[in-house]
Every structure is written in C-alpha cells, then in structure tokens.
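Observations on chain architecture
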Amino acid sequence: MPCKQDISVMAADLLGLFEAHGLTPKKETAVSWAAPCPACGGKDRCVVKPGDHDGRGGYFCRRCGTYGDSIQFLRDYEGMSYADACRHLGVEAVRARTALPRAPRPAAGKDPFVSAASVPPAEQWAAKARAFAAWAHDHLLKNPEQLAWLAARGLPLEAVTRYRLGWNPGERGKSCLIRPRSSWGLPPAEGKDKDGKPVAKTTFWIPRGLVIPHLATDDPEGPVLRLRIRRPEADRNEFKENTKYYVIPGSGMDAMLLGHEARAYVVVESELDALMLHHQVGDLVGAVSVMTANVKKLEAGVHEALVRAMCILVALDAEGKDGAGAKGWARWPTSFPRAKRWPCPVGKDPGEAFAAGANLRAWILAGLPPVLQPGLLPPGKPKFEGETEEPGEAATVDAEGAGLAEAAGVVPAPEAEACQDQEAGVPWLIPDYVSALGLVPLAELLEAMRHHRVEPVLVPGLAGGDERVLVLWAWEDVPAVAMARMAKLFFGACLEAVLWFVDLRHLQAAKSLRRAHGRADDTGEWAAIVRRASDEMWGLAFAGWTNLRHWRGKDEAN
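**So, the packing of helix α17 (residues 442–452) against helix α18 (residues 480–490)**
Between α17 and α18, the least distance of the axes is 10 Å, while the angle of their chain directions is 140°. Here α17 lies oblique to α18, going by the angle between them. Crossing angle aside, the handedness with which α17 passes α18 is left-handed. Contact with α17, carried on its side by Glu444, Leu445, Ala448, Met449 and His452, involves Ala482, Arg485, Met486, Leu489 and Phe490 of α18 and no other residues of that element.

Shown next as structure tokens:
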C-alpha cells in the first residue's frame, strides 16, 4: 500500500468506511453527506465531510456527539490501533498526531438545557406570600365576573380552588397595593426619584389583577414559590401598558410543573394554560409552564421529571414558522429525545384553542404513544409482592477482549409447552400485567411470537457495559411475512410497552446474530439500543436505534 494518497482517494475512504458498516451516506451539499451514526443509529443524524482534516475526512453526530476522522473511525469501529489505522489509510502516523477534530458547537438556540439548582424564596417572603395568596383567593371567590372569565378559559370553580387562584382588588379605591419591602423580607431596591436622582426604595407595588400562585407541590395547601399577577387590560391602558404580567419581588422563577408523577408532559408558556391543561387532561399528562419560549435553564427537579418522561409534547406559542415558539423548540429535542413539537390545533396557545372549542383531549391523545393511552395499560410502575430476588439480566455480556459468540453464551431453547397454549403469561413479560396487554397490539404480537417460537434477546452494545441491543430471535425458520409483521409491531406500536413491562430476569443474550431480526426498511434492519432505566426499575429505557448490519459483521468475523 502506498505511503500517501491524494485527497480525493482519502475522501473516498471515509465514505467507504461508512458504507462498509451499512451506514449508507447520502449527499446533502457539495461538501457534506448525511448518514446513520455508527454509535447511536438514526437515519441521517451524522454529518460526514470527506474533505476535512487534510483529506482524512470528518464526521459528527448531531444527537450523541460522536465525532472523529477516518483514523478514529477505524480505531473505534474496527478495533485497530492508531499505527494500524494510519497504515491502512496510507498516511504517516506523524501527520495524524494532531488533535482530533473538535465537535462543533451547537448552533444558537440548539444547545441543551442547563439543569439549575432551585433557589427557594426566603422564609419571611414565603410566609407573606402564603397569607397574600389566601387573602386573594377569598376575594376571587366573591368576584363572579372574574370567575366567569376563568371558566371561559377552562378553569371553573373547582380549578380555582384546586390551584388557589386569587384576585387582588387593590385598596382604598386604588388599582394597587403599596407595601413596605421589609415586611416581605426584601431589602431596599435601587431606584430614582422624580428628578432622576438615585434613591433607595423601601416600598413596592402590587398591582390589581388575577393572582396566579406557583405552588411547591400538587397540594393546594403547599408552600408558595412565586406570585404572578395578570393585570386587567383597562389598568394597563392607564399605566404600564406593556406590563401584562407582574411578578412580586422575591418570587422564585423556576418553571411550574404540575403532575410530579406523570409519565408524559405537555410544555406550554403560560401558567394559566398549564393549569387549564392539567385540570382538563391531567389524567393523561402533566403540564409544565416555562413562561417564555426562549428558556435556557430548567430547575433540576423539572429537568429530571422530563428526562424520565416517556413523551413530551412541546406546545410553545405558535406564532408562525419563524416565531419565538418555533425557534424555542430547537433546544428541546437536543436535551430530550422523546420530545416532539405539538402545536395547538387552532390558535397560538391552548387557551385560545379551548376558547375556539378545540377538543384538547383528542389533541393530547393523538400525541401520546399507545402505552400511555387510558384503558390500555395500568398506570404506574409494577409492584411485586414477596419478591426477594434482585432484578438483573440473565446473562451479562462483556464484549471487550472476547468474541461475541464466546462472551454471550448459549441460550437454551424454550420448552414446546411453554410456547404453545400458555395461559399463565409470557416468560419475558411481568405476569401480573400480561392480561392488560390484550387491549393493545401486543396481544397480536404475543400470539405470533408463541406460534413461531420467537423471543426477544439482548446483544452487546457499543458504548459502556450497561448498554444492550434488543432484537428478536427466531428458534426456527419463520415466514418472511410473519417475521416482518412481528418486527413491525415489536419495534413500533409495542416498543414502549415492552420497554416498560419487560422482565429482565428472563431476557437472555444471543450466541450469534444469524437468527436475529429487527425492523426492516430500505436502509436495513433496525433494533433498539436499551439501558436499564434505573436501579429501581425493572424495565429498560430506550436510548436510540442501531443498524444490525454492523453486529452481523462482527458475528461473522467471530
């Protein structure tokens, strides 16, 4: 092999490496190609630029951040040493000792959310806020005009009581309250007098309007974290026209989360919209109000809840394709793979949609995966009475330093009786929940898998000891049409249910991949990359897609 190659030959090498691994690149621009990521799969999330880095080419995954050049590709996915990779490519090792290409910085607005610690209000402020919220709530209950306005927005009297909404009427004929800052535990604020000279302000303004408390918990008697006031339009016309909402000084500014144990969330800007959705469809989803489309930080508890969520419907205000809501959406899929943009069916926000008579329940249901739709599966995490055995995978696979066949071991074939006419349940699903699965496509899938002796198995992943790839395994020849149908159901409509209810103790590791199956499309067969969701959960968590061609190549080599 020659010592050096020109750039055109080198450029072809990186594309060829992707091709050889079943990651077919497709041309996007004059200098870049799009391909599945060698680490996390997908279809076109990996950007390949063959002419970069002195002709060694470069690649970068927009989802998982994997990056490198042709040398790094050979080291990571062919197991070559640095020197062997250089020899294979015909480059001098000294040329490749320069630093690897750095992953490009995310475009503005597409960087992940920052998980920030919560800063709760001071104790004195919290006590005053709770008393003020109770006072305002009593005034709202005596204000039929405002109660009717709220009911028209989907917040009837029951919701007013549930969320402790209130009304500040002002005092002594004025459209506001003026209170000493010290009484709320607030220090003097810098300001200016009528002549523009600096002065220390010892009082603050509490305008008339609808009082929206941010409660620390779902309990209406819980602590108050923030007080926001929605001012009447008439008051705004007379004073501070642009101040529609006013936050009482000392309030916390964390996003409002409603439904702390929810498995799916709808994200909106307005707190009133979040309260309305939680009241109207809270049995389906929790609600999060971020107050602005351009939010960059999320309180750690809110961030954690969204990470755990199985579905996040992002319904930021729809103000045209170039509006703030469209721009604000870009950051969500970067941080939360299960987020999807879900604008309202009519109007710019849920409040307008409700007023226009939109069926918000149907809108939410259309965005949820089958496993989260009511009446299909029982809510919550499975419980096991009298269980003492710790959950774990039946076979732990170490893919480093050993071939796949030797490392994974052999799985015993299931007993014929267990595969036919089994009424007690499915070995790899938690028995107590199998009966409930008859209302989703899993019923059809389970019957077909029993009939054809097909089971799910785990094979080693590429990254880390806890990563696995979930595939279907056939113990006998299966008609192509039947296998295609099973794979479509397993990796499609049923995947969420499988991930949530699968019993890891009954999943094995495959000896080889010759009988493994994924979900086929025009780019190959795709299987789910999975990890243990947590030490407490029995199920698996979805972590992306991978093409089985790469694993089959490894298997044949071993």
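From this point on, the discussion continues.
**Comments concerning the pattern of salt bridges**
On inspection of all chains with the given rule, the structure shows 15 salt bridges. A salt bridge links Arg308 to Glu304, with the nearest nitrogen and oxygen atoms 3.4 Å apart. You can see Arg308 and its partner Glu304 sitting in helix α9 (residues 300–308), four residues apart, about one turn around the helix. The class of Arg308 is partly exposed, set by a relative accessible area of 48%. One salt bridge connects Glu476 with Arg453, and the closest N-O pair in it is separated by 3.6 Å. Taken together, the residues span a long stretch of sequence, with Glu476 in the loop between β22 (467–474) and α18 and Arg453 in the loop between α17 and β21 (454–460) at a distance of 23 residues. Here the residues in one salt-bridge network are Glu171, Arg172 and Arg179, joined through shared partners.

**Quick look at the nonpolar core**
Among the nonpolar cores identified, the biggest contains 44 residues, and Trp428 and Phe490 are the most heavily contacted of them. The set of elements that each furnish at least two residues to this core consists of α17, β21, β22, α18, α19 (495–501), β26 (524–532) and α20 (548–557). Contact partners of Trp428, with chain neighbours within four places excluded, come to Leu446, Met449, Pro456, Phe490, Val498, Val502, Asp503, His506 and Leu507. Core analysis: the next-biggest nonpolar cluster, separate from the first, contains 37 residues, Leu272, Leu277, Ala315 and Cys344 among them.

**Side note on the packing of aromatic side chains**
By the definition in use, this model includes 16 aromatic pairs. Between Phe113 and Trp332, the ring centres sit 4.6 Å apart and the planes meet at 65°, which makes this aromatic pair edge-to-face. Here Phe113, found in the loop between α3 (82–89) and β6 (114–116), pairs with Trp332, found in helix α11 (residues 331–335); they are 219 residues apart in sequence, far enough to count as distant. Among the residues examined, Phe113 registers a relative accessible area of 7% and is labelled buried. In this structure Trp332 comes out as buried when scored by relative accessible area, which is 0%. With a centroid separation of 5.7 Å and an interplanar angle of 85°, the aromatic rings of Trp184 and Phe204 are classed as edge-to-face.

**Thoughts on empty space enclosed by the protein**
In total, this model carries three cavities of 30 Å³ or more according to the counting rule given. Around the largest cavity, the lining residues are His21, Leu23, Cys37, Pro38, Gly41, Tyr77, Thr546, Asn547, His550 and Trp551. When residues of the lining of the largest cavity are traced back to their parent elements, those giving at least two are β27 (540–547) and α20. Considered class by class, the residues forming the lining of the largest cavity number five nonpolar, five polar and no charged.

**Side note on the packing of helix α2 (residues 70–77) against α3**
Contact geometry of α2 with α3 gives a least axis separation of 9 Å together with a crossing angle of 125°. The orientation of α2 with respect to α3, classified from their angle, is oblique. Between α2 and α3 lies a crossing of right-handed hand. Here α2 contributes Ser70, Ile71, Leu74 and Arg75 to the contact with α3, which in turn contributes Tyr82, Ala85, Cys86, His88 and Leu89. Residues belonging to the contact of α2 with α3 are distributed by class as follows: six nonpolar, two polar and one charged.

**Focus: helix α5 (residues 144–152)**
If you check which residues of α5 are buried, you get Gln146, Leu147 and Leu150. The arc that holds every buried residue of α5, seen down its axis, measures 100°, which confines them to one face. Exposed residues on α5 whose side chains face more than 90 degrees from its buried face are Pro144 and Glu145. With its phi angle positive at about 90°, Gly154 sits one or two positions after the end of α5.

**A few points about helix α13 (residues 360–367)**
Quick reminder: α-helices carry 3.6 residues per turn. Residues three or four places apart thus point the same way. All of the buried residues in α13 are Leu360, Trp363, Ile364 and Gly367. The arc enclosing the buried residues of α13, seen along the axis, measures out at 95°, which places them on a common side. Where α13 is buried, its residues meet β16 (264–268), α8 (271–281), β19 (311–314), β20 (339–341) and α12 (350–355).

**Details of a positive patch on the surface**
Side chains of Lys26, Lys43, Lys488 and Arg519 sit close together on the surface and give a patch of like positive charge. The residue Lys26 is located in strand β1 (residues 26–27) in this model.

**Quick word on the state of the cysteines**
One pass over the structure, following the stated rule, counts zero disulfides. Here Cys37 is not cross-linked by a disulfide; its sulfur's nearest cysteine counterpart is in Cys61, at 3.6 Å. Look at Cys37 and you get buried, because its relative accessible area is 2%. With no disulfide partner, Cys46 has as its closest neighbouring cysteine sulfur the one in Cys37, 5.1 Å distant.

**Structural notes on the sheet that holds β19**
Spatially, five strands are ordered β15-β17-β16-β19-β20 in an open sheet, and the strand pairing comes out mixed. With one partner strand each, in any of the chains shown, β15 (256–258) and β20 form the two edges of the open sheet. Strand after strand, the sheet turns through a mean of 20° between neighbouring axes, direction not considered. Relative to β19, β16 runs parallel, the two being bridged by four bridges. Considered in β19, the bridge of Val266 is made with Leu313. The strands touched by α13 are β16, β19 and β20; relative to β19, the strand with the most contacts, the crossing angle is about 130°.

Rules used throughout
- Residues numbered from 1 in each chain as written.
- Predicted model: local features only at pLDDT ≥ 70, side-chain atom pairs only at ≥ 80, totals over all residues.
- Heavy atoms only, no water.
- Axes fitted to C-alpha atoms, helices over the stretch in contact; angles between N-to-C directions.
- Helix = DSSP H or I, 4+ residues; strand = E, 2+ residues; numbered from the N terminus.
- Parallel < 35°, antiparallel > 145°, perpendicular 65-115°, else oblique.
- Left-handed = near helix turned anticlockwise from the far one by under 90°.
- Contact = heavy atoms within 4.5 Å.
- Salt bridge = Lys/Arg side-chain N within 4 Å of Asp/Glu carboxyl O.
- Buried < 20%, exposed > 50% of the residue type's maximum accessible area, 1.4 Å probe, protein only.
- Core = buried A, V, L, I, M, F, W, Y, C linked by side-chain atoms within 4.5 Å.
- Phe/Tyr/Trp six-rings, centres within 6.5 Å; stacked < 30°, edge-to-face > 60°.
- 1 Å grid on protein atoms, 1.4 Å probe; cavity = no way out; pocket = protein on both sides within 12 Å on 5 of 7 lines; lining within 4 Å.
- Points joined across faces, edges and corners; volume = space filled by probe spheres on them.
- Nonpolar A, V, L, I, M, F, W, Y, C, P; charged D, E, K, R; others polar.
- Arc of directions from axis to C-beta.
- Patch = residues over 30% accessible without salt bridge, like charges linked within 9 Å, V, L, I, M, F, W, Y side chains within 5 Å.
- Areas by Shrake-Rupley, 256 points an atom, 1.4 Å probe, with all protein chains shown as cover.
- Lys, Arg positive; Asp, Glu negative; His and termini not counted.
- Charge placed at Lys NZ, Arg CZ, Asp CG, Glu CD.
- Disulfide = S-S within 2.5 Å.
- Pairing = 2+ DSSP bridges.

Everything listed is a geometric property; what it means functionally is a separate question.
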